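Structural description and commentary
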Amino acid sequence: MDVGMEVDTKVEVEERNTEITKGEVGDVMEAREGKVAEEEKETKNGAKTETEKETEKETEKETEKEVEERKENERQEGKEEAGKGEDSGSSRPPTADELAVFRIPQSSEKEAKDGPLYFAILGCAHGELDTIYASLTALQVRLGITVSLLLCCGDFQAVRDARDLNHLHCPAKYKQLLSFHQYYSGEKVAPILTVFVGGNHEGSTYLYELPYGGWVAPNIYYMGFAGVLQFAGLRIAGISGIYKHYDYEKGRFEGSQSSARDWRKGDISSAYHQRVLDVFRLSQMGDFPIDIFLSHDWPAGITAYGDVQGLLRRKRHFQEDIQNGRLGSPPLARLLDRLRPRYWFAAHLHCKFAAVVHFSETQTTKFLALDKVLPNRDFLQIVNYGPDMTGPPNGLMYDTAWLEVLATTFYYESHSPTGPALPPPDSGFSVTHSSPVPAVPIPLNFSRSYDPPHNPQTPALMSLLKEYGLPPPPSSASSVSLSSILPPPVRSTMKGEGDDHSEIDLDMEDLT
């Protein structure tokens, strides 16, 4: 399906996003902080009160600093634009329209009633569900549109209770229950269908109950370690976590030697690291057009296709990693080459960055990374998919080609540090796609009544996979790295797994 997306100039996009973050979002955040302050007066736990006050002071300082940096960046960009000559680079730079990426539409009354589908893209959620939904609701009222789907690029923090909070990988002062538990319990219901991938600040014990994805609360769906689903005829793929070379070729061993909700300390951090099997599975979708790809981490080398100098003015500490090829995920760079989705959305590095990758005259991927949920930050983007998408959405659907991939590769899974034994490149391995229907409905089978980690949604999906022919275990296979399975990338800036890409955890750096 040819899906069009309207674009606008970069200046107009930034002005409209500023209105959102400084208007509705600022009001909501101020209201929430006021409520926290009132609760602090009532609490009797002095240590907790001091921690929360310190967190609020740091947030205020960070916001003031961001405002000053934004003003200085705008002054510098104005000077550079006035004296800018021709680009002497060897590759064609993106145009202003291409870098603009996704316009926030000014809808007419007719469009609001009969217009196309609108999606919302969110950067790092960090558990701020009340703020996110309130901001998005206010935005819909102001623009006169209806957003059908919210896509979140990680750090969702689906934390049900204090035990889940113990498995949230972040500094202790940021371990707050926030509001997800209210959506989990049914006290609140997400007003917009929400789909997310995992980041590197998650309650991993809960997400590990749903390795192939599932409902974490009514109307909130997790895509699993990796997944592909459909919504209104669009194919949406995603992968959770960030890249760390020392865990990449291991199996999903976390929690295997611990009780369901009492993991070893090291497991809490390795749980959100990307694995070779998930990338291998997604690479099998190369024959199917991907409309949207969601990730938390950035593909390695993506900064070469956007305004890297503008990025470095805002994030100076990125320079060394960009120069050394360590910024981002090399496996995601290979997936970008393999899948070439129309649009790729990410988060993690707490800044807005747009890029356009031209594979050919007819193949282009538009990339957009978004910020975290704070006032004066670009964390939310509205996407208009054009008049050809008119009509009511049909809900979330399993992509049957992906179900066939899961069924065919099921016995390659490993739950030990030794990692999966993937088929060698000369084995002729391929997934047979024979389903006569492109998608089947995802059941609304969320449940709170079970004994963790035995979430009933996972065996329900396994029963469905039997219809797609779970094969017998492979008789023999040797373990290989993904670099020998996927072809090398066509763009020289994208690095392979042969190098040591020990990424600095910039997301954690921003939080401390």
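Here, every reference points to the structure presented above.
Attention in this report is confined to the structure presented alongside it. (Residues numbered from 1 in each chain as written. Predicted model: local features only at pLDDT ≥ 70, side-chain atom pairs only at ≥ 80, totals over all residues. Heavy atoms only, no water.)

Note that Asp 155 resides in the loop between β2 (147–152) and α6 (162–165). Relative accessible area serves as the criterion here: at 0%, Asp 155 is assigned to the buried category. A distance of 2.9 Å separates a polar side-chain atom of Asp 155 from the backbone nitrogen of His 201. (Helix = DSSP H or I, 4+ residues; strand = E, 2+ residues; numbered from the N terminus. Buried < 20%, exposed > 50% of the residue type's maximum accessible area, 1.4 Å probe, protein only. Polar contact = N/O pair within 3.5 Å; in protein donor to acceptor, adjacent residues only side chain to side chain.)

Attention now goes to the nonpolar core. Membership of the largest hydrophobic core comes to 122 residues, with the highest contact counts inside it found for Phe 119, Phe 180, Ile 220 and Trp 298. When residues no more than four places from it in sequence are discounted, the contact partners of Phe 180 are Leu 129, Phe 156, Gln 157, Ala 158, Val 159, Arg 160, Tyr 206, Val 216, Ala 217 and Ile 220. (Core = buried A, V, L, I, M, F, W, Y, C linked by side-chain atoms within 4.5 Å. Contact = heavy atoms within 4.5 Å.)

Turning our eyes to something else, we now look at the sheet that holds strand β12 (residues 380–384). The six strands are arranged β4-β5-β3-β2-β1-β12 in an open sheet whose pairing can be described as mixed. At either margin of the open sheet sits one strand with a lone partner, and together these are β4 (214–217) and β12. For this sheet, the mean angle separating the axes of adjacent strands, direction not counted, is 25°. Across three bridges, β4 lies against strand β5 (residues 220–222) in antiparallel orientation. (Pairing = 2+ DSSP bridges. Axes fitted to C-alpha atoms, helices over the stretch in contact; angles between N-to-C directions.)

We now examine the packing of helix α14 (residues 400–409) against helix α15 (residues 457–466). Packing of α14 against α15 brings their axes to within 9 Å, and their N-to-C directions diverge by 95°. On the basis of their axis angle, the class for α14 and α15 is roughly perpendicular. Side by side, α14 and α15 meet where Leu 403, Leu 406 and Ala 407 of the first sit next to Leu 461, Leu 464 and Leu 465 of the second. The class makeup of the residues in the contact of α14 with α15 is six nonpolar, no polar and no charged. (Parallel < 35°, antiparallel > 145°, perpendicular 65-115°, else oblique. Nonpolar A, V, L, I, M, F, W, Y, C, P; charged D, E, K, R; others polar.)

Here the focus is the pattern of salt bridges. Under the counting rule described, the total for this entry stands at eleven salt bridges. Note that Asp 130 and Lys 188 form a salt bridge whose closest N and O atoms lie 2.8 Å from each other. Residue Asp 130 is found in helix α5 (residues 129–143), and its partner Lys 188 is found in the loop between α7 (180–185) and β3 (194–196); the two are separated by 58 residues along the sequence. For Asp 130, a relative accessible area of 29% gives the class partly exposed. The exposure class assigned to Lys 188 is partly exposed, which follows from its relative accessible area of 27%. Its salt-bridge partner being Glu 413, residue Arg 281 comes within 2.8 Å of it at the nearest N-O pair. Linking Arg 281 in helix α10 (residues 276–283) with Glu 413 in the loop between α14 and β14 (439–441), this pair joins segments that are 132 residues apart in sequence. (Salt bridge = Lys/Arg side-chain N within 4 Å of Asp/Glu carboxyl O.)

As for its position among the elements, Tyr 398 is in strand β13 (residues 396–399). Separated by 45 residues in sequence, Tyr 398 and Pro 443 place their C-alpha atoms 9.4 Å apart.

What follows is about the sheet that holds strand β11 (residues 364–369). Where strands meet in a sheet, backbone hydrogen bonds hold them as pairs that are either parallel or antiparallel. The eight strands are arranged β10-β11-β9-β8-β7-β6-β13-β14 in an open sheet whose pairing can be described as mixed. Both edges of this open sheet fall to β10 (353–358) and β14, since each of them pairs with a single strand only. When the angles between neighbouring strand axes are averaged without regard to direction, this sheet yields 25°. Pairing of β10 with β11 involves six bridges; the strand directions are antiparallel. Residue Phe 353 lies in a different strand from β11, and its bridge partner there is Ala 369. In the packing of α14 onto the sheet, contacts are made with β6 (226–231), β13 and β14, and the angle to β13 comes to roughly 50°.

From the geometry alone we can't say anything about function, so treat these as descriptive.
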